[in-house]
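One-letter residues, chain by chain:
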Amino acid sequence: KIAEEIIQMEEVIQRNYSKLPNETITSIILTLPQDFQPIIVKIEETADALYHKEKIIYEEQYAKKAFDIWLPHATKLGMSECEWKIQDYSFRVLNPQAFEKIKKLINKTRTEREQLIEEVITEIQELLKNKPNTTITGRPKSFTSIFNKLKKTSFEKIHDIYGIRIICNKEKECYEILGLV
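Conventions adopted
- Residues numbered from 1 in each chain as written.
- Predicted model: local features only at pLDDT ≥ 70, side-chain atom pairs only at ≥ 80, totals over all residues.
- Heavy atoms only, no water.
- Salt bridge = Lys/Arg side-chain N within 4 Å of Asp/Glu carboxyl O.
- Helix = DSSP H or I, 4+ residues; strand = E, 2+ residues; numbered from the N terminus.
- Buried < 20%, exposed > 50% of the residue type's maximum accessible area, 1.4 Å probe, protein only.
- Core = buried A, V, L, I, M, F, W, Y, C linked by side-chain atoms within 4.5 Å.
- Axes fitted to C-alpha atoms, helices over the stretch in contact; angles between N-to-C directions.
- Parallel < 35°, antiparallel > 145°, perpendicular 65-115°, else oblique.
- Left-handed = near helix turned anticlockwise from the far one by under 90°.
- Contact = heavy atoms within 4.5 Å.
- Nonpolar A, V, L, I, M, F, W, Y, C, P; charged D, E, K, R; others polar.
- Phe/Tyr/Trp six-rings, centres within 6.5 Å; stacked < 30°, edge-to-face > 60°.
- Patch = residues over 30% accessible without salt bridge, like charges linked within 9 Å, V, L, I, M, F, W, Y side chains within 5 Å.
- Areas by Shrake-Rupley, 256 points an atom, 1.4 Å probe, with all protein chains shown as cover.
- Arc of directions from axis to C-beta.

## A closer look at the pattern of salt bridges
Scanning the model with the defined rule gives ten salt bridges in all. Note that glutamate 45 and lysine 42 form a salt bridge whose closest N and O atoms lie 2.9 Å from each other. Here glutamate 45 and its partner lysine 42 are both found in helix H3 (residues 37-52), three residues apart, which amounts to about one turn of the helix. On the basis of relative accessible area, lysine 42 is assigned to the buried category, the value being 6%.

Here it is as C-alpha cells:
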C-alpha cells in the first residue's frame, strides 16, 4: 500500500513538475495518501539518496525536485535530520563550487559541528540545573543558509553558524537565563 501511494505521488510530480507551481504540487501530494507514512518514507528515501548520491539518474533534476517538493514537507513535518540533508546535499549537487567554498570556510564536518553543539548544550544544562522547566536544543546552520547570508555579508560577519535555543516558561526566566549564559 505504501509503495503504491509513493508511486502515485511520483507520477503526480513527474506529470506536473515545471507545469504547476511547486506549492500546488506539494498540496496535491498531501491529499494522495491516506496518512503521512508514504510521505515520510519518500522524504527519508530522498534524503538518503542525496546523502549517499546513490540511484540518482538525473542528479541535478533529482536534487531540484527534492529541494522544491520534498524539503517543504520535511520542514512542515519537523523532520530536521532529513531537512538538513535535503537542503545541503541538493545544494551540493546544484551549486558544487559554492558548497565546496563553504565547506572550506566552515572547516568542520557536520558531525564535528553537531558534537560542538552537544558540548555547549551540556554546559548550558549544567548552568541551568536549578531551572528544571527549560528545554535546550541546537543545530548547525545549513550550508544553504550560509550561502544565502554570504550574498549579503562576508563570512567573518556571520555570527550564527551554530544555533542554540533555550525555551523557558516565563519572560523573566528568559532574561535570567540570558544573564547566566
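## Comments concerning the nonpolar core
Core analysis: the biggest nonpolar cluster contains 32 residues, and Ile29, Ile43, Trp70 and Ile86 have the highest contact counts within it. Of all the secondary structure elements, the ones that give two or more residues to this core are helix H1 (2-16), helix H2 (22-31), H3, helix H4 (59-76), helix H5 (80-94), helix H6 (96-106) and helix H8 (143-150). Listed in part, the seven residues of the second largest apolar core include Ile117, Leu128, Ile136 and Cys168.

## Quick notes on the packing of H4 against H5
With their axes 9 Å apart at the nearest point, H4 and H5 run at an angle of 155 degrees to one another. By the criterion of interaxial angle, the relationship of H4 to H5 is roughly antiparallel. Crossing angle aside, the handedness with which H4 passes H5 is left-handed. Along the contact surface, H4 presents Glu59, Glu60, Ala63, Lys64, Ala66, Phe67, Trp70, Leu71, Ala74 and Thr75, while H5 presents Glu83, Ile86, Gln87, Ser90, Val93 and Leu94. Partitioned by chemical class, the residues of the contact of H4 with H5 number nine nonpolar, three polar and four charged.

## Considering the packing of aromatic side chains
The tally for this structure, following the rule as stated, stands at six aromatic pairs. Relative to phenylalanine 147, the ring of phenylalanine 91 lies with its centre 5.1 Å away and its plane at 50 degrees, an arrangement referred to as tilted. Linking phenylalanine 91 in helix H5 with phenylalanine 147 in helix H8, this pair joins segments that are 56 residues apart in sequence. Taking the centre distance of 4.9 Å and the plane angle of 45 degrees together, the rings of phenylalanine 99 and phenylalanine 143 count as tilted. Here the residue phenylalanine 99 occupies a position in helix H6, and phenylalanine 143 occupies one in helix H8, the gap between them amounting to 44 residues. Each member of the pair, phenylalanine 99 together with phenylalanine 143, is buried.

## A look at a nonpolar patch on the surface
On the surface, a cluster of nonpolar side chains totalling about 310 Å² of accessible area is made up of Leu30, Phe36, Ile40 and Leu77. Looking at the secondary structure, you find leucine 77 in the loop between H4 and H5.

## Here's the deal with unusual backbone geometry
Phi is positive for serine 18, close to 75 degrees, though the residue is something other than glycine. Counting through the fold element by element, serine 18 comes out in the loop between H1 and H2. Taking relative accessible area as the criterion, serine 18 reaches 67% and is therefore assigned exposed. Backbone geometry at asparagine 107 places phi at a positive 60 degrees, although glycine is not the residue there.

## Here's the deal with H2
What H2 keeps buried is the set Ile25, Thr26 and Ile29. The buried residues of H2 occupy an angular sector of 100 degrees when the element is viewed end-on, so they sit on one face. Structural note: H2 exposes Glu23 and Thr31 on the side pointing more than 90 degrees away from its buried face. Against H1, H3 and H4 lie the buried residues of H2.

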